[in-house]
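Now for the letters of each chain:
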Amino acid sequence: MANTRGPLLVVEDIPNVLELLEVTLRFQGYEVISAKNGEEALDILEKEKPALIITDILMPKLDGFSFVQKLRRNPKTQNIPVIFLSATYVTPEDRTFAMSLGASRFIEKPIDTEDFLLTIAELLSQEEITIPRPLAQPQFYSGYRARLETKLQHKNRQIARIERLLPTLEDEQKESFKNLFYQAIRDRNEIQVELEALKETIENLHKKDQ
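Residues numbered from 1 in each chain as written. Predicted model: local features only at pLDDT ≥ 70, side-chain atom pairs only at ≥ 80, totals over all residues. Heavy atoms only, no water.

A. Local environment of the overall build of the protein chain. If you tally the helices and strands in the protein chain, you get seven helices and five strands. Along the protein chain, helices and strands appear, N-terminal first, in the series β-α-β-α-β-α-β-α-β-α-α-α. Computed over its C-alpha atoms, the radius of gyration of the protein chain comes to 18 Å, within 12% of the 17 Å expected for a compact globule of 210 residues. Once the C-alpha set of the protein chain is aligned to its principal axes, its extents read approximately 60 × 55 × 30 Å. Looking at the 210 residues of the protein chain, the share that counts as buried comes to 43%. Counting only contacts in the protein chain whose residues sit at least 6 apart along the sequence, the fraction spanning at least 24 positions is 69%. Of the roughly 11900 Å² of accessible surface on the protein chain, a fraction of 50% belongs to carbon and sulfur atoms. (Helix = DSSP H or I, 4+ residues; strand = E, 2+ residues; numbered from the N terminus. Rg over C-alpha atoms; globule rule 2.2 N^0.38 Å. Buried < 20%, exposed > 50% of the residue type's maximum accessible area, 1.4 Å probe, protein only. Contact = heavy atoms within 4.5 Å. Areas by Shrake-Rupley, 256 points an atom, 1.4 Å probe, with all protein chains shown as cover.)

B. Layout of the packing of helix α2 (residues 38-45) against helix α3 (residues 64-72). Close contact between α2 and α3 brings their axes to 9 Å; oriented N to C, the two are set at 25°. Classified by the interaxial angle, the pair formed by α2 and α3 is roughly parallel. Considering only the axes of α2 and α3, their crossing is right-handed. In this structure, α2 contributes G38, A41, L42 and L45 to the contact, and α3 contributes F67, K70 and L71. A per-class count over the contact of α2 with α3 returns five nonpolar, one polar and one charged. (Axes fitted to C-alpha atoms, helices over the stretch in contact; angles between N-to-C directions. Parallel < 35°, antiparallel > 145°, perpendicular 65-115°, else oblique. Left-handed = near helix turned anticlockwise from the far one by under 90°. Nonpolar A, V, L, I, M, F, W, Y, C, P; charged D, E, K, R; others polar.)

C. Here's a closer look at the side chain of E12. Mapped onto the secondary structure, E12 falls in the loop between β1 (8-11) and α1 (15-27). On the accessibility criterion, E12 (1% relative accessible area) is buried. Within polar-contact distance, the side chain of E12 engages the backbone nitrogen of I14 at 2.9 Å. Not counting residues within four places of it along the chain, the set of residues in contact with E12 comprises V17, L18, A35, K36, D56, M59 and K109. (Polar contact = N/O pair within 3.5 Å; in protein donor to acceptor, adjacent residues only side chain to side chain.)

D. Broad picture of the pairing of strand β2 (residues 32-35). Taken together, the four bridges between β1 and β2 define a ladder with parallel strand orientation. The residue of β2 that forms the bridge with L9 is I33. In this fold, the crossover linking β1 to β2 by way of α1 has right-handed handedness. (Pairing = 2+ DSSP bridges. Right-handed = clockwise from strand over helix to strand, strands pointing away.)

E. Highlighting helix α6 (residues 137-165). Under the 1.5 Å per step criterion, the end-to-end length of α6 is 42 Å for 29 residues, consistent within 8% with the ideal 42 Å. All of the buried residues in α6 are F140, Y141, G143, Y144, R147, L148, K151, L152, K155, I159 and I162. (Expected span 1.5 Å × (residues − 1).)

Just geometry here; none of it tells us what the structure is for.
Here is the structure:
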């Protein structure tokens, strides 16, 4: 794929993180367009052709995994390089699945700004970027379901640990752990919604095959 110049598309659902990414990139002279989830990003891609997409994974309405799978199955967008950002999906298995979808890079949050900017510059300077063939839908659904189920178990364990810990803490310590607790619950709820939607999709496909 020849890498032509164009805006950078940033997909991130947390407002302060999105703002930080936008400010950082614009300060470096990049044109930036943004979306709060995968659905918004797909709408933008109907009108824009970014040089690079930078996307979070855990998002409502259409998460990063599903968003990139849709990109790779669309001839108009399948060759756009993608950088995944994530604070939740950070295990070796998560990274392997992300790269199998055709991500060019995978960066864990919190982001090292210098490394992040260097990665973007390297990708934009490449004459050719090799994008693997998109995963077949059954293969994608299987891998995606495994990632969601594993992450849901992790979040449930995290929530249980914090619940046990909170009564033992001094008042000045409780606030930060309460914030962590509420964020873990929000993450768990998003993962549950995505998992139920995926199960319904798989069930409907099985019905069509019968």
